[in-house]
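One letter stands for each residue in the lines below.
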Amino acid sequence: MRSICFYFQVHQPFRLRTYRFFDIGKNHDYFDEFQNRYIARRVADKCYIPTNQLLLELIQEYGSRFKISYSISGTALDQFEKYTPDVIESFQRLAATGCVEFLSETYTHSLAALKSKDEFTMQVQAHRRKIQQLFGITPKTFRNTELIYSDGIGEMVAEMGFETMLTEGAKHILGWKSPNFMYCNAINPKLKLLLKNFQLSDDIAFRFSQQSWESWPLTSEKFVDWLNQIDQQQEVVNLFMDYETFGEHQWQETGIFNFMRALPARVFSHSNFTFNTPSEVSAALQPVSAIYVPHPISWADEERDLTAWLGNDLQDEAFDAVYAIEHKVKAINDFQLMVEWRYLQTSDHFYYMCTKWFSDGDVHKYFNPYGTPYEAFINYMNVLSDFIIRIDHYYDNLHLNGNEKIETAAENKIVKTLSSVKKTVSKTIEKPKNAKPKVFSINALTSLKDADVKKIVKHISFETLARSLKGAKKDVRISVINSLSAAMQKELIAFDLSKITKAEVEEAKKILIIEIKKLISD
């Protein structure tokens, strides 16, 4: 017997609200609550609820003969819990049948596998826990975001303990080979690979309602005839597609639900195929060979590569920027910041910035909230800019190892403070300009010109300067602040000195006095 392996991707991103440049530093509400709620409810009513019910009825009719599998992103599950709990309940009813396999993936449908092994692993673990919590099932099979795969990614997946992974049966990878066999990873052969039959999958997902298609209308009879034309030695036909195919991409009026309802009966009566989950197929079959994928592939557009998400400078800049702060976000270890950062990693944000033409472009434009890729880029970068400001603020005030304060470059810090500091302090004290100090101490700063103080500050770090002024006389502190630019004043005032030790203060004073001595000696 040969297998049909149905896999459905279920995903919804947290869409960003319109976020303007002037919101940066003022508004930290990034996500469009109204649109996310509206779209979640609309797709639930058009796709998730009716399709889940249809498949549940098919399982009830055919029992364990009919099986399917899902990969539901964490962002989709979060929205279902928040906006449409009835969707969660409908998936739970499917899970209870024992005829449904839930797959593992990155929590936020991210491209982390391309950038950070640590983040990739953490998201997969978080997603696995979410599936266990909601459905009582531990995923055994892995599918990466958009079926993105390479030899290196497969190796990471194998290291996480998965034995099976799904990916695309790309022509430029397979050559003359058929996707209708089990393959394995080129680096770690223990990882088995199921490859999408994109011809038959896309006949359902994209071409079903195209009246210009020579095979329209697609019926269950016609589709099973195509299955029967496949060489009898070929073992499995993997039909991988977006779940939103049913009712959303292909509306109910196209007959997509009638097609799916009739398909199992036709398969059972007119073919030697059975329906199996990825884990069952993996357990039953052995790889016929390894496939070599040195560069990542995906299931997107004709090229089956990454250019849908990382194909232009806009996408590359945004992608690099969001992962550049990974170490800071994880050092802060704040749950809400971590959630927001991971939602910003969702691949859809980069997809909206794509400037090339897709063969399946009309389908994806359906959910695109932006008029142009440039609008998508600007909006995303405005949000990310504000998020980075928040991260820098938390990170720069984070203390590790007791009293040791993390230092960062002053020009990268942005803090809120009074803009009128210089005017205020200039009225507070009248400084002598030309008097020479008799001793070398930080009190000498009150006798120096602003330009001279700037020279001293230029040669030491802001951290040292701030520490050296800890406990100094008021006129000394004012003298230093008064000599600095507005931007430098903000930097100095921003330092958190609450936990530094007396030894650190004395060491900083010594460094400052050395610079004062150099200046006066010259």
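See above for the structure.
Below: a short report on this structure. Keep in mind the model is a prediction, meaning the values are calculated, not measured.

Brief notes about the overall build of the protein chain
Moving on, step 1. Counting its regular elements, the protein chain contains 22 helices and 12 strands.
Moving on, step 2. Each of the 522 residues in the protein chain was classed as buried or not, and the buried ones make up 57%.
Moving on, step 3. Sequence separation of 24 or more characterises 77% of the internal contacts of the protein chain that already satisfy a separation of 6 or more.

Points about the sheet that holds strand β10 (residues 290-291)
Moving on, step 1. Reading across from one edge, β4-β5-β7-β6-β10 is the order of the 5 strands in this open sheet, with mixed pairing throughout. Two strands close off the open sheet at either side, each with one partner strand: β4 (141-143) and β10.

As for the packing of aromatic side chains
Moving on, step 1. As enumerated under the stated definition, the model contains 39 aromatic pairs in all.
Moving on, step 2. Between Tyr-30 and Phe-31, the ring centres sit 6.3 Å apart and the planes meet at 75°, which makes this aromatic pair edge-to-face. Each member of the pair, Tyr-30 together with Phe-31, is buried.
Moving on, step 3. For the pair Phe-319 and Phe-350, a centre-to-centre distance of 5.6 Å together with 85° between the ring planes defines the contact as edge-to-face. With Phe-319 in helix α11 (residues 313-324) and Phe-350 in helix α14 (residues 347-351), this pair connects stretches of sequence that are 31 residues apart.
Moving on, step 4. With a relative accessible area of 5%, Phe-319 lands in the buried category.
Moving on, step 5. One Lys or Arg, Arg-65, reaches over the ring of Phe-268 and ends 4.0 Å from the middle of that ring.
Moving on, step 6. Geometry around Phe-198 places Arg-304 over its ring, the cationic atom sitting 4.6 Å from the centre.

Here is what the cut-offs are and how they apply
- Residues numbered from 1 in each chain as written.
- Predicted model: local features only at pLDDT ≥ 70, side-chain atom pairs only at ≥ 80, totals over all residues.
- Heavy atoms only, no water.
- Helix = DSSP H or I, 4+ residues; strand = E, 2+ residues; numbered from the N terminus.
- Buried < 20%, exposed > 50% of the residue type's maximum accessible area, 1.4 Å probe, protein only.
- Contact = heavy atoms within 4.5 Å.
- Pairing = 2+ DSSP bridges.
- Phe/Tyr/Trp six-rings, centres within 6.5 Å; stacked < 30°, edge-to-face > 60°.
- Lys NZ or Arg CZ within 6 Å of the ring centre and 35° of its normal.

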